[in-house]
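Architecture and fold: a report
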Amino acid sequence: MKILLITSLYPCYKDQPKSEITYAVHYFVREWIRMNHEVIVINTRRVYPKIISFLKKGKKANEDSTYYNFEIDGVKVYRMPIIKYPKGYYSKYSIKSSINSIEKVMRDNNFNADVILSHMINPGGIVALNLKKKIDKPCIITFHYGDILFLNNKGLNNFNKLEKYVDGYGFRSDSIKKNYLSIREKYNKPDVIVRSGIDRGYILDEKAIVEKSKKEIKKVIVVSSLIKRKNIDCIIKAIVDLNKEGIILSLIILGEGEEEVYLKELVEQLNAGRYITFIKEVDREEVFMYLEEANIFAMISERETLGLVYLEAMAKGCITIASKGEGVDGIIKDNVNGFLCKGRDVEELKNIIKKIIQMRNDDVKKMLLRARNDMYNLSSENVALDYLEFISNVINEYSRNGEIL
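Notes on the structure in this doc start here. (Residues numbered from 1 in each chain as written. Predicted model: local features only at pLDDT ≥ 70, side-chain atom pairs only at ≥ 80, totals over all residues. Heavy atoms only, no water.)

**Re the pairing of strand β2 (residues 38–47)**
Every other side chain in a regular strand lies on the same face of the sheet, so the side chains alternate between the two faces. Note the following rule: Summary of the burial criterion: residues with accessible area below 20% of their type's maximum are buried, those above 50% are exposed, and those between are partly exposed, where the area comes from a 1.4 Å probe applied to protein chains only. Note on conventions: DSSP H or I runs of at least 4 residues are helices, E runs of at least 2 residues are strands, and numbering of each starts at the N terminus. At least two bridges found by DSSP between two strands are what make those strands a pair. Here is how to tell: hold the view so the strands point away, follow the path from the first strand over the helix to the second, and if it runs clockwise the crossover is right-handed.
Within β2, eight of the 10 residues are buried, which leaves it mostly tucked inside the rest of the structure. In this sheet, β2 lies alongside strand β1 (residues 2–7) in parallel orientation, the contact comprising six bridges. Note that in β2 the partner of Thr 7 across the bridge is Asn 43. In this view, the connection linking β1 to its parallel neighbour β2 by way of helix α1 (residues 24–34) has right-handed handedness. Of the strand pairs in this sheet, β2 and strand β4 (residues 75–83) are connected by eight bridges, and their pairing is parallel.

Have a look at this one:
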């Protein structure tokens, strides 16, 4: 199978730090390459017109936004700039120029795509659907949380004009599908929930999980970009309150971001520096080491598409607390293989942690083993194969229909 992927959710140069870009979509593609399928990735990078590029925001956005191609894990990636105007507007000329550039990439690689796949509507999905009109190939649009924000913020009319060219929908979580249905009410195209997975090699074996379940619960960890919507301050306040109540816990905050100064000042104001530690971003192997040492992983973020780190925490034997109604809700089942908490609800978070501490060792073991087994079934190989099967079905159905609308 030959898959043309158009997305802005992809590394734009080799070894780009995960603090700058998500690798979640790449992990699907990497598995498809291992299965001997062909994939070309078009990485749509927004650039601002010259008049805006002099501003600080414009200069920042225009970094790494020139034409450039490279390989990562055997995947051919073409970084392709597309001019963006204020308020999220991409001109017809910009879209047309991108399509011409994509067609050239396909000719140069003798790449006759079987399907066009897009993650994120703006601009990748818009480019993909306009390209579909030219080359008559099935097109699948996979929604992330940012797409729901885009559709709610004046993007729906533009998408409605192109929606008839969609041949299949992907949704990165149940909650994203639910949000989309609240906007569109219904649609008559096939769909699939596109969950992330984890490499089986990173999943602790059952013996290690059992041994970890016997340990005293005293270490909490969060691994995250330090940005406002992650609600790290709520975790800090919960841990501080619990320590004041005599429930002695340490907290590791692993990550970097714009909220770092504020969060460190908050810890200082609360006189909690002796049991709350900040650690700069480290490589993935070190992250796994910290997760193996911790008992509880907590992150009650908002507007979360999925969050691969939740799965990694579960795979490493952490009792995992996530947000209700966000991307991982459905993978984490409350009080079954983890816990769900309202976003920014410090009191509920404290009560969940108290409940965890009061759990019998046997109940901890059962929860951790359920989570571990769920992650084994949700491996990178399995989720990539499920996604590929859906794509294949869309292609076959399109071939039977024989024409575009």
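**Side note on the nonpolar core**
Test applied: To qualify as a nonpolar core, a set must consist of buried Ala, Val, Leu, Ile, Met, Phe, Trp, Tyr and Cys residues joined through side-chain atoms within 4.5 Å. In what follows, residue pairs with any heavy atoms lying within 4.5 Å of each other are defined as contacts.
Formed by 101 residues in total, the largest nonpolar core has its most connected members in Trp 32, Ile 236, Phe 297 and Ile 321. Dropping the residues within four chain positions of it, Phe 297 is found in contact with Ile 221, Val 222, Val 223, Leu 291, Val 309, Tyr 310, Ala 313, Cys 318, Ile 319, Thr 320 and Ile 321. Ile 40, Met 106, Leu 131 and Ile 141 belong to the second-largest nonpolar core, a separate cluster that totals 39 residues.

**Notes on the pairing of strand β11 (residues 276–279)**
The sheet contact formed by strand β10 (residues 250–254) and β11 spans four bridges and is parallel. Following the sheet pairing, Ile 252 is matched in β11 by Thr 277. Between β10 and its parallel partner β11, the chain crosses via helix α10 (residues 260–269), and the hand of that crossover is right-handed.

**Things to note about helix α14 (residues 361–377)**
Applied cut-off: One less than the number of residues in a helix, times 1.5 Å, gives the span that helix is expected to have.
If you check α14, its first and last C-alpha atoms are 24 Å apart, about what 17 residues at 1.5 Å a residue would give, namely 24 Å. Among the residues of α14, Val 364, Met 367, Leu 368, Leu 369, Ala 371, Arg 372 and Met 375 are the ones counted as buried. Elements in contact with the buried residues of α14: α8 (206–213), α12 (308–315), β13 (319–323) and β14 (339–341).

**Some details on the sheet that holds β4**
Condition: Only the stretch in contact is used when fitting a helix axis, every axis being a line fitted to C-alpha atoms; angles between N-to-C directions are given from 0 to 180 degrees.
The strand order β3-β4-β2-β1-β5-β6-β7-β8 describes an open sheet built from eight strands, whose pairing is mixed. Bordering the open sheet on either side are β3 (68–72) and β8 (191–193), each of which pairs with just one other strand. Going across the sheet, the axis of each strand differs from the next one's by a mean of 20 degrees, ignoring polarity. Across five bridges, the pairing between β3 and β4 is antiparallel. Note on β4: the bridge partner recorded for Ile 72 is Val 75. The strands touched by helix α4 (residues 92–108) are β1, β2 and β4; relative to β4, the strand with the most contacts, the crossing angle is about 160 degrees.

**Section: the packing of aromatic side chains**
Here is the rule we go by: When two rings of Phe, Tyr or Trp (its six-membered ring) have centres within 6.5 Å they constitute a pair, described as stacked for plane angles under 30 degrees, edge-to-face for angles over 60, and tilted for the intermediate range.
Summed over all chains, the structure comprises 17 aromatic pairs. Consider the rings of Phe 143 and Phe 171, whose centres lie 5.5 Å apart with planes at 15 degrees: the pair is stacked. With Phe 143 in strand β6 (residues 139–143) and Phe 171 in strand β7 (residues 168–171), this pair connects stretches of sequence that are 28 residues apart. The same class applies to Phe 143 and to Phe 171, which are both buried. Taken together, a centroid distance of 5.8 Å and an interplanar angle of 55 degrees make the contact between Tyr 180 and Tyr 187 tilted.

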